[in-house]
Amino acid sequence: MNIAQKNIVDFAKRRLFAAAAGLLVAGSILSSPAANAAAEQAQIAVLPAIDAAVLYAAENDGLFEKEGINVKIVPFKSALELTAAMRAGRIAGHYSNLMTTVTQRVNGIDSAVVVTTWHTSPKDRAFGLALSPATAKKIANLDELKKAQGVTTARSSGTITDRMLDVLIENEKVADTVLKPVEVSQIPIRLQMLNASRLDSALFYEPLLTLIEKKGGRVVWDDRGLDKPLSMVALRKEYLKPEFVLPFRRALAEAARRIDADPEKYRPLIAKKGLLPPDIAQTYVLPKFSGFATEDGLPPLPTRDDVKEAVDWLVQNGLIKKTPELDAVVYR
């Protein structure tokens, strides 16, 4: 494996959403709920996703302290670790999506979404269907893909990428015979297989889509035509109070505005936190994190319809057996 390939794999490993490991974060990093209360520190767990830049920037610039709250951003490697910490009460909240938050609530973790960090935008793609270099030589666009048969594509049950693949299939009326699902849950393996053309297609997110294109792949569909919340931050019940949620949102809104105003100033921080693959760390165009049609400019919170859509999808796929109270999933 050459250095470039190793960098890609190392980055992808950090983006793995479902590892087969238990909670690996040491107790010295994550304090107990009692210690949190005494120190009044809220530890927010994040995965190495590009929109985590907003949380790191708020911490780096002292914006949480400016708003009168004590917040520490704690990096995690996988959603499994994150959920384990949430269940144990060792973190105040975490980077999430609707499927994760709904599933946690069904399984007894009383949390709710308080802010959206990544939303589809007409200007910036977030998720997209990518073709391998070999497949890209045969299929030039989505129309050509829809005429093909048995195109292998990665699946990962219960994840947001799996959900977005279903959105593509439904919205674009892709026939059942076009895509042949292959279960590949691990992001680094999926990325390796796609770049090596051992897999015809896969649903990925930025900045990995840009990286795939650099390696000869092609993106034939993306989410810029959609209107959906993608990722967000959910907090435990103890923190679902105006005196914490409102300053927390204000800090993130200011951080988002600062990144958008001077992205190059924050590029070293974003790269240092492992949110960009080394191969494109200096060239990747950062998405806009603010400027949405909301009071604070942050992406809008999920609507009740968004929540119901996520719940229905989880039920239809057998991932949950009961539904939570829809209005309790998002704190307003």
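What comes next concerns the included structure.

Regarding its fold elements, the protein chain presents 14 helices and 10 strands. Every one of the 332 residues in the protein chain was classed for burial, and the buried ones make up 55%. At a minimum sequence separation of 6, the contacts of the protein chain that also span at least 24 residues come to 80%. Of the accessible surface of the protein chain, which amounts to about 14500 Å², a share of 51% is contributed by carbon and sulfur atoms.

Further remarks concern the environment of Phe 64. Structurally, Phe 64 can be placed in helix 4 (residues 63–66). Exposure remark for Phe 64: the relative accessible area of 0% places this residue in the buried category. Put simply, Phe 64 and Arg 249 are 185 residues apart on the chain and 9.4 Å apart in space, counted from C-alpha to C-alpha. With near-sequence residues (within four places) excluded, Phe 64 lies in contact with Leu 55, Ala 58, Glu 59, Ile 69, Val 71, Ile 73, Phe 248, Ala 251 and Leu 252.

Note the cis peptide between Glu 206 and Pro 207, where omega equals 5°. Positionally, Pro 207 belongs in the loop between strand 8 (201–205) and helix 11 (208–214). The phi dihedral of Ser 197 falls on the positive side, at around 60°, and the residue is not glycine. Mapping Ser 197 onto the fold places it in the loop between helix 10 (187–195) and strand 8. The partly exposed category is assigned to Ser 197, whose relative accessible area is 27%.

As a further point, take helix 10. Each α-helix turn comprises 3.6 residues. Residues three or four places apart therefore point the same way. All of the buried residues in helix 10 are Ile 187, Pro 188, Arg 190, Leu 191, Met 193 and Leu 194. Downstream of helix 10 by a residue or two, Ser 197 has a phi angle that is positive, lying close to 60°.

This model, assessed by the stated rule, comprises 18 salt bridges. Notably, a salt bridge pairs Arg 258 with Glu 254, separated by 2.9 Å at the nearest N-O pair. A residue pair is termed a helical-turn pair when its members lie 3 or 4 positions apart in one helix, as Arg 258 and Glu 254 do in helix 12 (residues 242–261) at four residues.

This paragraph deals with the sheet that holds strand 2 (residues 70–75). Sheet architecture is open: five strands sit in the order 2-1-3-10-4, paired in mixed fashion. Because the sheet does not close on itself, it has two edges, and the strands there are strand 2 and strand 4 (111–119). Across the sheet, the axes of successive neighbouring strands diverge by a mean angle of 25°, strand direction being ignored. For strand 4 and strand 10 (residues 229–236), the ladder comprises seven bridges, and the chain directions are antiparallel. Considered in strand 10, the bridge of Val 113 is made with Ala 234. Along the sheet, helix 5 (residues 79–87) contacts strand 1 (41–46), strand 3 (93–96), strand 4 and strand 10; its crossing angle with strand 3, the most-contacted strand, is approximately 150°.

Bringing the packing of aromatic side chains into the picture now. Describing an aromatic ring pair means giving the distance of the ring centres and the angle of the ring planes. Counting across every chain of the model gives six aromatic pairs. On the numbers, 5.7 Å between centres and 10° between planes, the contact of Phe 64 with Phe 248 is stacked. Remark: Phe 248 occurs in helix 12 and Phe 64 occurs in helix 4; sequence separation between them is 184 residues. Pair check on accessibility: Phe 64 and Phe 248 agree, each one buried. Pairing Phe 204 with Tyr 205 gives two aromatic rings, centres 6.4 Å apart and planes at 70°, and the pair type is edge-to-face. Each member of the pair Phe 204 and Tyr 205 is classed as buried. We note Arg 190 situated over the ring of Phe 204; from NZ or CZ to the ring centre the distance is 5.8 Å.

Here is what the cut-offs are and how they apply
Residues numbered from 1 in each chain as written. Predicted model: local features only at pLDDT ≥ 70, side-chain atom pairs only at ≥ 80, totals over all residues. Heavy atoms only, no water. Helix = DSSP H or I, 4+ residues; strand = E, 2+ residues; numbered from the N terminus. Buried < 20%, exposed > 50% of the residue type's maximum accessible area, 1.4 Å probe, protein only. Contact = heavy atoms within 4.5 Å. Areas by Shrake-Rupley, 256 points an atom, 1.4 Å probe, with all protein chains shown as cover. Salt bridge = Lys/Arg side-chain N within 4 Å of Asp/Glu carboxyl O. Pairing = 2+ DSSP bridges. Axes fitted to C-alpha atoms, helices over the stretch in contact; angles between N-to-C directions. Phe/Tyr/Trp six-rings, centres within 6.5 Å; stacked < 30°, edge-to-face > 60°. Lys NZ or Arg CZ within 6 Å of the ring centre and 35° of its normal.

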